[in-house]
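# A look at the structure
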Amino acid sequence: MQVGVIPEETAVLIRWKKRSDNHVLVRMKAEAVLYASEGVNISIIAKMVERTERTVLEWLAEWQATRMCSVLTGHAGNQNAAKLTRTQKEELKAILAQPPSRSGVHAEFWDVPAIREVVKIMFDVEYQADSSYQLLLRLCGLSLELPDPFDEHRNEKAITRRMAEVKTEVKALLDQGWEVYTADEVRLEHEAETRRMWLPRGQRTKLSVDRKKTSQSFFGALSLTSKKVKLYPIEGNQNTEQTILSLDRLQRETETEKIAVVLDNARFHHAKALTDLYEPGQLLERITPIHLPPYAPDHNPAGHVWNAAKSNIANIQRETPEESSTCSPPTSPAVPSTTTSSTSHSAKPETILFHDSHRGLCKTPDLNLR
């Protein structure tokens, strides 16, 4: 079977056949068409490209029907091929640099439906696959992920100003030999869930699921000098009473006479029942509180510690809450074993140690962890 190939097509096919970066199938099809254009027998062509004679005949039939598009095996001539010119892409990049509303698109953020609409309206171009629009988003330097949620009451200027004050105060206390902790509470939940799966056909399968949902809160204090965390379980809810118990325990187990504790702006951290205890002669007289700015939990190093701890136990199936509470994340020879304390207040707190290579989990420039 001989096929017709014009000189321009021959030149392109030869380049495709020689290029090593093309798909193997593209090179084989180009070679088969070139041989067929010279009248080479189908059986010989099949041996040369290591395909059956039937496959080669199908390739040649597709060549006669769609010419060059048939060689590119769906990567050219399809509905997902690049349709925007370079100038149009630059224009699209300028459009996507502005909110969708500027282009008449009713969307909060640029996503696939929004960019599909603007590409259709502005350039009369439409792709079949969502991946083509996703590539356009990446081309314009946009992320496919939604932005992190933030509180509308958050004041970045006030946070920056307050964090500068906190950093200065903490540095001065550390230079004077104080023990400085950053403290934060966390709540862990243990809950079973069911997921879809394939089951044997014709057999009745029973799934036994423990629907009991339990939780445990902890108070953690990260030392800015030793990089160790003292961890205390909280009985019941996080409240002023439990904070007082944890701070009292913290000062009793700290040898340094003067202690500063950096706390967030949880309401119970400002309760009068707690603040009165910082006065001379009261229960927590050794502790000086330092409060972070409002709506800025990301500036608390203890919060980064909780994130690291949660990542070691989240989405891991365990039979009981006790197993989750006492689990140990992976360790290396340079990092001692890490555990959480038991759920009893009488138990001694465990210590979490961080190797130098892991300090990014708890380090923040705001409090100058050294």
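Scroll up to find the structure this text is about.
Residues numbered from 1 in each chain as written. Predicted model: local features only at pLDDT ≥ 70, side-chain atom pairs only at ≥ 80, totals over all residues. Heavy atoms only, no water.

## A look at the nonpolar core
The criterion, for reference: Within this scheme, the nonpolar core is defined by two criteria: the residues are buried Ala, Val, Leu, Ile, Met, Phe, Trp, Tyr or Cys, and they are joined through side-chain atoms within 4.5 Å. Burial status follows relative accessibility: with a 1.4 Å probe on protein chains alone, a residue under 20% of its type maximum counts as buried, one over 50% as exposed, and anything between as partly exposed. Helix and strand assignments follow DSSP, with helices taken as H or I runs no shorter than four residues and strands as E runs no shorter than two, numbered in order from the N terminus. Contacts are residue-level and defined by heavy atoms, with any inter-residue pair within 4.5 Å sufficient.
Membership of the largest hydrophobic core comes to 21 residues, with the highest contact counts inside it found for Leu13 and Trp63. Mapped onto this core, the elements with two or more residues apiece are helix 1 (7-18), helix 2 (24-37), helix 3 (42-49), helix 4 (53-66) and helix 5 (68-71). Of all the elements, helix 2 adds the most residues to this core, at 7 residues. The contacts of Trp63, once residues within four sequence positions are left out, are Val3, Gly4, Val5, Glu9, Leu13, Val33, Met68, Ser70 and Val71. Among the nonpolar cores identified, the runner-up in size contains 18 residues, and Leu92, Trp110, Val125 and Tyr133 belong to it.

## Regarding the pairing of strand 4 (residues 259-263)
To keep it simple, the criterion reads: By definition, two strands form a pair when at least two bridges between them are found by DSSP.
Summarising burial for strand 4: 5 of the 5 residues are buried, a large majority. Across the two faces of strand 4 the burial is the same, with Ile259, Val261 and Leu263 and Ala260 and Val262 all buried. Direction of pairing for strand 1 (residues 179-190) relative to strand 4: parallel, over a ladder of 4 bridges. The residue of strand 4 that forms the bridge with Thr182 is Val262. The pairing of strand 4 with strand 5 (residues 287-291) spans 5 bridges and is classified as parallel. Its bridge partner lying in strand 5, Ile259 is registered against Ile287.

## What about the environment of Thr182?
Among the secondary structure elements, Thr182 is positioned in strand 1. For Thr182, a relative accessible area of 0% gives the class buried. In sequence terms Thr182 and Asp264 are 82 residues apart; their C-alpha atoms lie 9.0 Å from each other.

## Notes on the pairing of strand 1
Judged by how many residues are buried, strand 1 sits mostly within the fold: 9 of 12 residues are covered. Bridging between strand 1 and strand 2 (residues 214-223) involves 10 bridges; their strand directions are antiparallel. Note on strand 2: the bridge partner recorded for Glu189 is Ser215.

## Considerations on the packing of helix 3 against helix 4
Filter applied, for reference: Angles run from 0 to 180 degrees between N-to-C directions of axes, and those axes are lines fitted to C-alpha atoms, restricted for helices to the stretch in contact. By definition in this entry, angles of less than 35 degrees are roughly parallel, angles greater than 145 are roughly antiparallel, angles of 65 to 115 are roughly perpendicular, and the rest are oblique. When residue character is reported, Ala, Val, Leu, Ile, Met, Phe, Trp, Tyr, Cys and Pro are called nonpolar, Asp, Glu, Lys and Arg charged, and the others, Gly included, polar.
Relative orientation of the contacting elements helix 3 and helix 4 amounts to 100 degrees, with a least axis distance of 9 Å. With respect to each other, helix 3 and helix 4 are oriented roughly perpendicular. Residues Ile42, Ser43, Ile45, Ala46 and Val49 of helix 3 pack against Glu53, Val56, Leu57, Trp59 and Leu60 of helix 4. In terms of residue class, the contact of helix 3 with helix 4 is built from 8 nonpolar, 1 polar and 1 charged.

## Quick notes on helix 12 (residues 301-313)
To keep it simple, the criterion reads: In protein, a polar contact means a hydrogen-donor-capable atom and an acceptor-capable atom, both N or O and within 3.5 Å, with residues adjacent in sequence counting only if both atoms are side-chain atoms; elsewhere, any N or O pair within 3.5 Å suffices.
All of the buried residues along helix 12 are Pro301, Ala302, Gly303, Val305, Trp306, Ala308 and Ile313. Measuring from the side-chain oxygen of the N-cap residue of helix 12 to the backbone nitrogen of Ala302 gives 3.1 Å; that N-cap residue is Asn300.

## A short note on unusual backbone geometry
One non-glycine residue, Glu50, adopts positive backbone phi at about 60 degrees. Position of Glu50 relative to the elements: it lies in the loop between helix 3 and helix 4. Phi is positive for Tyr295, which is not a glycine, with a value near 55 degrees. For Tyr295, the location among the structural elements is in the loop between strand 5 and helix 12.

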